[in-house]
Amino acid sequence: MDNEKKNGILLESGTNEIEIMEFTINDNLFGINVAKVREIMLSEEVKPMPHVHPAVEGIFKPRDIVITVVDLPKYLINQECPKGPKDLFIITNFNKMYVAFRVHSVVGISRISWQDIHKPDNTISGGTDGVTTGIAQCDGKLVSILDFEKILAEIAPQTSIQIDEVDALGPRERSSSPIWVAEDSILLSKMIQSSLVRAGYENLSMFPNGSELWDALVQLKDCDDLSSRVALIITDLEMPEMDGHHLTKRIKSNPKFKSIPVVIFSSLITEEMRYKGKEVGADEQLSKPEIGHLIGVLDELLKKSRENQKGDSNS
C-alpha cells in the first residue's frame with residue numbers, strides 16, 4: 001500500500017479501525033494501540049528510584065526528557081524476569097505522560113476493525129484486577145490488548161482520576177439529568193461513575209463499549225421525549241467492537257440523536273485525535289484524567305441544552 005493511500009486511511013475519521021502494535025513477553029503475544037506509541041528503542045541502562053512500585057525499574061533520559069521505565073514482564077507475572085540485551089522499550093504517551101514499557105520483542109503492526117476486538121469474558125478478564133481489555137485476532141493469532149491506563153493507575157495512582165478534584169468544586173446540587181457513559185476499562189468506569197455521583201450526577205447508565213451504548217440508544221428511536229432518557233453522552237475512544245469516534249459519528253449522523261451532546265473523554269487527546277473528534281461532530285473533547293474539567297463541561301453543556309429546549313418550546 002502506498003503512503004498516500006495509507007495516510008488517507010489513518011486520517012479518515014470514524015472508520016472504527018485501529019492499528020495494533022504486537023509485542024511479546026515470554027513468547028506470549030500482546031498488543032497496544034499504535035496511537036499510544038511514540039517510538040520503540042533498544043533498552044538502555046536505567047537509574048533505580050527509591051520507594052516506587054515494584055514494577056517500576058526507574059528512570060532514563062534518552063534525549064531531553066526524563067522517562068519512567070516500567071518492567072512489563074515483572075508487572076504481568078509478578079516476579080523478576082531476566083533482562084536481555086535485545087529487550088525493547090516501547091515509549092508511550094497518554095494521559096499527558098511519557099512512559100517506557102520494557103518488552104521482549106516487537107512483532108509488527110496490524111490494522112483491524114474494532115468489531116474484531118472482543119471484550120474478554122469474566123473467566124479471563126479478572127474483573128477490576130484484570131489488565132486485558134480486549135482479545136483481537138491478527139493474522140490468525142490471538143492477541144491480548146492490555147489496559148495500559150489501568151496498569152499506570154495501579155503503578156502511580158496520582159496519575160489517574162482524582163476524587164479530590166471533585167471535592168474541590170465545593171457543595172453542588174443533585175442532578176437527575178440522565179447521562180450515558182461508554183468506557184471499557186472496568187477500573188476507570190468505576191472511577192468515573194464514583195466521581196460523577198459525588199459531583200451530583202446520580203442518573204448514570206454505564207456501557208462497556210460504544211456498540212452496547214449505540215444498541216441501547218437505537219431502542220429509543222421512537223421516544224417522544226428523548227432528553228428525559230438521555231441528556232448527554234460521555235465516550236472513551238479505545239473500546240472493543242465500536243470505538244468512540246465511530247459511536248460519535250453514528251450519533252451525530254442520525255437526525256433523531258444528533259442534538260444529544262457528546263463528550264469524548266480519553267487518554268488520547270492529541271492534535272490529530274482532536275481533529276478526528278471535530279470531524280465526527282463531538283461537542284467537547286477532554287483528556288483523562290481531568291475529572292474536574294469534565295464536570296465543568298457537563299454543567300455547561302447541560303445548561304445550554306436545557307436553554308435550547310426552552311427556546312424550542314416557546315417558539
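Residues numbered from 1 in each chain as written. Predicted model: local features only at pLDDT ≥ 70, side-chain atom pairs only at ≥ 80, totals over all residues. Heavy atoms only, no water.

Examining the sheet that holds strand β5 (residues 67-71)
Taken in spatial order, the 5 strands of this open sheet run β3-β6-β7-β5-β4, and their pairing is mixed. At either margin of the open sheet sits one strand with a lone partner, and together these are β3 (37-42) and β4 (56-60). Each adjacent strand pair in this sheet contributes to an overall mean axis angle of 25°, direction not counted. One ladder, built from 5 bridges, connects β3 with strand β6 (residues 88-94); its direction is antiparallel. When the bridges of β6 are listed, I40 appears paired with I90. Running at roughly 100° to strand β7 (residues 97-103), helix α4 (residues 148-155) makes contact with β4, β5, β6 and β7 of the sheet. (Pairing = 2+ DSSP bridges. Helix = DSSP H or I, 4+ residues; strand = E, 2+ residues; numbered from the N terminus. Axes fitted to C-alpha atoms, helices over the stretch in contact; angles between N-to-C directions. Contact = heavy atoms within 4.5 Å.)

Here we look at unusual backbone geometry
For the peptide bond that leads from K288 to P289, omega is 5°, which places it in the cis range. Phi at N26 is positive, roughly 50°, even though this residue is not glycine. With respect to the secondary-structure elements, N26 resides in the loop between β1 (17-25) and β2 (28-33). The partly exposed category is assigned to N26, whose relative accessible area is 39%. (Buried < 20%, exposed > 50% of the residue type's maximum accessible area, 1.4 Å probe, protein only.)

Topic: the sheet that holds strand β13 (residues 204-207)
Across the sheet, 5 strands lie side by side as β13-β12-β14-β15-β16; this open sheet has parallel pairing. Whereas interior strands pair on both sides, the edge strands pair on one side only; in this sheet they are β13 and β16 (284-287). Averaged over all pairs of adjacent strands, the angle between strand axes in this sheet comes to 20°, irrespective of strand direction. Pairing of strand β14 (residues 232-235) with strand β15 (residues 262-266), which is carried by 3 bridges, proceeds in the parallel orientation. Following the sheet pairing, I233 is matched in β15 by V262. Here helix α7 (residues 210-218) sits on the sheet in contact with β12 (179-182), β13 and β14, set at roughly 150° to β12. Against the sheet, helix α8 (residues 244-253) makes contact with β12, β14 and β15, and its axis sits at roughly 175° relative to β15, the strand it touches most.

Observations concerning the nonpolar core
Ranked by internal contacts, the top residues of the largest apolar core, which has 30 residues, are F23, L72, F101, L146, F148 and I151. Contributing elements (two or more residues each) for this core: β1, β2, α2 (72-77), β6, β7 and α4. It is α4 that contributes the most residues to this core, 4 residues altogether. Setting aside residues no more than four positions away along its own chain, I151 makes contact with L72, Y75, F101, V131 and L146. In terms of nonpolar packing, the next biggest core, distinct from the first, is built from 23 residues, L196, L232, F265 and L301 among them. (Core = buried A, V, L, I, M, F, W, Y, C linked by side-chain atoms within 4.5 Å.)

Some points on the packing of aromatic side chains
In this structure the tally under the stated criterion is 6 aromatic pairs. Above the plane of the ring of F94 lies K36, whose end atom (NZ or CZ) is 5.3 Å from the centre. (Phe/Tyr/Trp six-rings, centres within 6.5 Å; stacked < 30°, edge-to-face > 60°. Lys NZ or Arg CZ within 6 Å of the ring centre and 35° of its normal.)

As for the packing of α7 against α8
With their axes 9 Å apart at the nearest point, α7 and α8 run at an angle of 20° to one another. In terms of orientation, α7 and α8 fall into the roughly parallel class. For α7 against α8, the interelement crossing comes out right-handed. Residue-level inspection shows G210, L213, W214 and L217 of α7 in contact with α8, the latter providing L247, R250 and I251. Classifying every residue of the contact of α7 with α8 by side-chain character gives 5 nonpolar, 1 polar and 1 charged. (Parallel < 35°, antiparallel > 145°, perpendicular 65-115°, else oblique. Left-handed = near helix turned anticlockwise from the far one by under 90°. Nonpolar A, V, L, I, M, F, W, Y, C, P; charged D, E, K, R; others polar.)

A few points about the pairing of β16
Across 4 bridges, the pairing between β15 and β16 is parallel. In the strand pairing of β16, V263 is matched with E284. Tracing the backbone out of β15, into helix α9 (residues 271-280) and back to the parallel element β16 gives a crossover that is right-handed. (Right-handed = clockwise from strand over helix to strand, strands pointing away.)

What to know about the pattern of salt bridges
For the structure on display, the rule yields 21 salt bridges. Here the salt bridges share partners, and the residues they tie into one network are K36, E149, E183, D236, E238 and K288. (Salt bridge = Lys/Arg side-chain N within 4 Å of Asp/Glu carboxyl O.)

Considerations on α7
Those residues of α7 that fall on the buried side of the exposure criterion are G210, S211, L213, W214 and L217. Seen from one end, α7 has its buried residues packed into an arc of 160°, which puts them on one side. Sitting at the amino-terminal end of α7 is N209, which places a side-chain oxygen 3.0 Å from the backbone nitrogen of S211. (Arc of directions from axis to C-beta. Polar contact = N/O pair within 3.5 Å; in protein donor to acceptor, adjacent residues only side chain to side chain.)

A look at the side chain of S113
In this structure, S113 sits in strand β8 (residues 105-113). A polar side-chain atom of S113 sits 3.0 Å from the main-chain amide nitrogen of Q115. Not counting the four nearest positions on each side in its chain, S113 is found in contact with N16 and E17.

Some thoughts on helix α6 (residues 186-198)
Under the 1.5 Å per step criterion, the end-to-end length of α6 is 18 Å for 13 residues, consistent within 8% with the ideal 18 Å. Directly beyond the C-terminal end of α6, a positive phi value near 110° is found at G200. (Expected span 1.5 Å × (residues − 1).)

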